[in-house]
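Okay, here's what each chain looks like letter by letter:
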Amino acid sequence: MSDHVDPKSAGGLTRRDLLLAGAAGLLLGSGLLLVPKRYYRMPQQAQAFVTKVAHYQLDIADAITRGIRELGIAPEELNGKRILLKPNLVETASGAPHINTHPLVLRGAIEAFLRLGASAVMVAEGPGHRRDTLAVYEESGMADVLTEDRIRFHDLNYITGYELPNAGRQSSMRTLTFPALFKEVDWIVSAAKMKTHHITGATLSMKNLFGVMPGMYYGWPKNVLHHAGIENSILDINATLKPHFAIVDGIVGMDGDGPIMGDPKQVGVLVMGRNLAAVDATCCRIMGIDPYKIPHLERADNWLGPIGEGSIQQRGEAIASVRTNFNLIDTIPAQQDIRLA
Amino acid sequence: MIIKQVIQDALSRRALSDGGLVDRPGGQFRVDATSWGGLLLRAAGGAQEMLERLRARLVHEQGQDGRVSVQRDHPDSYWPTALAILVWQDSPPSQAAQQRAIHFLLESSGNHFRRRAEDPPAHDTLLKGWPWVAGTHSWIEPTVLSVLALQMAGHGQHDRVREAIRMILDRQLPHGGWNYGNTLVFGRELHPMPESTGAALAGVAGQVEQGTVARSLDYLQGEVDRSRTPISLGWGLLGLAAWGRWPSNGTALVERCLVNQSRYGEYDTSALCLLLLGASAGETDMKSALFLDPSRNRAPAVLTQ
């Protein structure tokens, strides 16, 4: 199923491309080649794994272990490594567990990574809406699970940071400040929730990384990133942090007015992969959303990863067998006209 | 007396020899931890020498323009400035630093803009308060801290303070309570949060009639009873105390929260100090470091929404 012809990989040129190419030629002649990155991208390839998990009481650790193996991750890549899982903990509301990554998905991921040789697994999050991270940790049910499993939780909002040059250069932020804890881990895993979003269309593993930026530097709700542009910031964070893996909890997602006020959506899948853009594009297709209509994914294409269906080797279940159209709201601009054909 | 002992134990394990507090035992210096610790010592009384060392460390951290940022190499994150003003209150050696910080706060505000009809948020985006970080919008908690600091320092009648109180009221959720500072987005009312509600109620106490915040008080009373974590419970108790509603089981709630460190690990210093400040609001032998005492209470004028 091809939902989108990628003009960059297909060799198609728009009038704007030609104008930019002409400008680039002039710059080349003057010795000042400043072509935007998106105009010289090479097509990329990636893999994404989709597995059916009908409900949270099933063996999620086994599903994730199979996924990691199917994706060709060698034992030596995980053996002795320290893994940081970053769930999506935003806020809590009575009767709305579908706001956050389900704690049993975290438990499954922890078991899987330990089973595959990781020396340590920790969970860390810096919620954007609530100053009281521990309250979200407790009320989401995460505390019960991690306490029982003796897994350490870190509040990223108050960890002293270290600066890195902004490798994405999509926003005006010259540097990004990440929690110093990240220097102590080998793998950063975005353990996201499958949700629609009223500003970005969809929120998946790439957007989930907003939560790694410490609130004490970026404010609540991560104000600096909003002012720098949400899409720009998503791309900058991902380009600079270079996360290693993504697991998206689509067992029960959220549709409609996400990421907080939407409705639960039973899909019954976990989606995972090394490349976050490819994983998110796959999730979008499962949600019945065209990934090329999600601006940060369209901009990430063949830079941070491929989003074209032909460029993503699909492992596990076929997308068509699990596709579950998420409800989109016509009055929310970010959700208009993004339905996959 | 139990609370005073907890305070002494907690701060002595987190104090640096050069006057600051670390984020947790064995951790790193942090400005906000030092500020909340200073507020706690002001409330508890005694330990004057330690308090003066914390004040001096905050003076050392102050920028030339008066701001006190979370780190000197992150000057835009200046939200601890209001906390430092409160810590420096009634301290002659810190008076010049406090005046510079007050000047800075009065000259700074969040980023404000005229809302267009199609913009998702519903609040009045022109009403000025204070931001967490320079160049961003005004939100509830930094605005509340600034209001409390300026009131404590004798600027309660300043136009900026009165406008900030209107801003806080404008962000109150229709069904009661506050969150970080949004009300309706795309026509949907967002969820309240106990820590934001406690802070907002503390910020507007004495400035508005009780009926204006009755739903929020009801919401907070219910939330405080089930709060198990220090930031929610600390601000919750402070918000209720500001309206004379500190709960009869407050001490038990604080003790339960302290015991929960066996579950979560030792609390971050700022969170622990906020919790203990909330506890101190129920102790008759402790003064408030956040609110003016009744004899110097807030401006008598009552604003209406």
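Residues numbered from 1 in each chain as written. Chains lettered and ligands numbered in written order. Predicted model: local features only at pLDDT ≥ 70, side-chain atom pairs only at ≥ 80, totals over all residues.

Enquirer: Describe the overall build of chain B, with residues and values.
Expert: In terms of helices and strands, chain B carries 13 helices and two strands. Taking 305 residues into account, the globule formula puts the C-alpha radius of gyration at 19 Å, and chain B, at 18 Å, falls close to it. Projecting the C-alpha coordinates of chain B onto the three principal axes gives extents of approximately 55 × 45 × 40 Å. Counting all 305 residues of chain B, 54% fall into the buried class. Looking at chain B alone, contacts between residues at least 24 apart form 64% of all its contacts between residues at least 6 apart. (Helix = DSSP H or I, 4+ residues; strand = E, 2+ residues; numbered from the N terminus. Rg over C-alpha atoms; globule rule 2.2 N^0.38 Å. Buried ≥ 20, exposed ≤ 12 C-beta atoms within 10 Å, placed from the backbone. Contact = placed C-beta atoms within 7 Å.)

Enquirer: Provide a residue-level description of the overall build of chain A, including the pertinent values.
Expert: Tallying secondary structure elements over chain A gives 12 helices and 11 strands in all. Here chain A, with 341 residues, has 55% of them falling under the buried criterion. Restricting to contacts in chain A with at least 6 residues of sequence separation, those with at least 24 account for 75%.

Enquirer: Quick one: what's the story with the nonpolar core, residue by residue and with numbers?
Expert: Grouped together as the largest cluster of nonpolar side chains are 186 residues, with contacts concentrated most on A109 of chain A together with L39, L86 and L277 of chain B. Dropping the residues within four chain positions of it, L277 of chain B is found in contact with L39, L40, A43, G234, L238, A289 and L290 of chain B. (Core = buried A, V, L, I, M, F, W, Y, C linked by C-beta atoms within 7 Å.)

Enquirer: Would you mind going over helix α2 (residues 60–70) of chain A in detail, with residue names and values included?
Expert: Residue and element names in this part refer to chain A. What α2 keeps buried is the set I60, A63, I64, G67 and I68. Around the axis of α2, the buried residues are gathered within 135 degrees of arc, so they sit on the same side. Buried residues along α2 sit in contact with β1 (46–52), α4 (103–115), β9 (245–255), β10 (263–273) and β11 (312–316). Just downstream of α2, G72 is the residue with a positive phi angle, here 80 degrees. (Arc of directions from axis to C-beta.)

Enquirer: Tell me about the interface of chain A and chain B, and please be specific about residues and values.
Expert: The partner chain B presents 31 residues to the 29 residues of chain A that form the contact. For the side of chain A that touches chain B, the elements supplying multiple residues, two or more each, are α5 (133–139), α6 (142–149), α7 (215–218) and α8 (223–227) of chain A.

Enquirer: I'd like to hear about the environment of P25 of chain B, residue by residue, with values.
Expert: Residue and element names in this part refer to chain B. Along the chain, P25 turns up in the loop between α1 (2–12) and α2 (31–44). Take P25: there are 10 C-beta atoms within 10 Å of it, and that puts it in the exposed class. When neighbours within four sequence positions are excluded, P25 is seen to be in contact with R13, R14 and E266.

Enquirer: Help me get a handle on the confidence of the model for chain B, residues and values and all.
Expert: Residues and elements named next belong to chain B. When pLDDT is averaged across chain B, the result is 92; 94% of the residues are at 70 or more. Below pLDDT 50 for its whole length, residues 294–305 participates in 19 contacts with residues either more than four positions away or in separate chains. Scored as a complex, the prediction yields pTM 0.91 and ipTM 0.94. (pLDDT = per-residue confidence, 0-100.)

Enquirer: For the packing of helix α10 (residues 230–242) of chain B against helix α11 (residues 250–259) of chain B, give the residues involved together with the corresponding values.
Expert: Residue and element names in this part refer to chain B. Where α10 contacts α11, the axes come no closer than 10 Å and their chain directions differ by 160 degrees. Judged by the angle between their axes, α10 and α11 are roughly antiparallel. In this structure, α10 meets α11 at a crossing whose hand is left-handed. Contact with α10, carried on its side by P230, L233 and L237, involves G250, L253, V254 and C257 of α11 and no other residues of that element. The residue inventory of the contact of α10 with α11, partitioned by class, reads six nonpolar, one polar and no charged. (Axes fitted to C-alpha atoms, helices over the stretch in contact; angles between N-to-C directions. Parallel < 35°, antiparallel > 145°, perpendicular 65-115°, else oblique. Left-handed = near helix turned anticlockwise from the far one by under 90°. Nonpolar A, V, L, I, M, F, W, Y, C, P; charged D, E, K, R; others polar.)

Enquirer: An account of unusual backbone geometry is needed here, citing residue identities and associated values.
Expert: All names here are of chain A. Geometrically, the link from W220 to P221 is a cis peptide bond, its omega value of 5 degrees lying close to zero. The omega torsion of the bond from G258 to P259 falls at 15 degrees, within 30 degrees of zero and hence cis. Note on placement: P259 falls in the loop between β9 and β10. Phi is positive for R169, which is not a glycine, with a value near 50 degrees. Relative to the assigned elements, R169 resides in the loop between β5 (161–165) and β6 (175–179).

Enquirer: If you had to explain the pairing of strand β3 (residues 120–125) of chain A to someone new, which residues and values would you point to?
Expert: Residue and element names in this part refer to chain A. Where strand β2 (residues 82–87) lies against β3, four bridges are found, and the strand directions are parallel. Note that in β3 the partner of R82 across the bridge is A120. Relative to strand β4 (residues 153–155), β3 is paired through three bridges, and the arrangement is parallel. Bridging across to β4, V123 finds its partner in F153. (Pairing = 2+ DSSP bridges.)

Enquirer: Pulling in residues and values, what's your account of the pairing of strand β7 (residues 187–197) of chain A?
Expert: Residue and element names in this part refer to chain A. Taken across its 11 residues, β7 has 10 buried, putting it largely inside the fold. Summarising the sheet, β2 and β7 pair through five bridges and their orientation is parallel. Pairing of I83 across the sheet is with W187, part of β7. Bridge count for β7 against β9 is six bridges, and the pairing is parallel. Residue pairing across strands places K193 opposite D249, the latter belonging to β9. Of the pairings in the sheet, the one linking β7 to strand β8 (residues 201–203) comprises three bridges and is antiparallel in character. Of the residues in β8, the one forming a bridge with H197 is G201. Following β7, the chain reverses through three residues before pairing antiparallel with β8.

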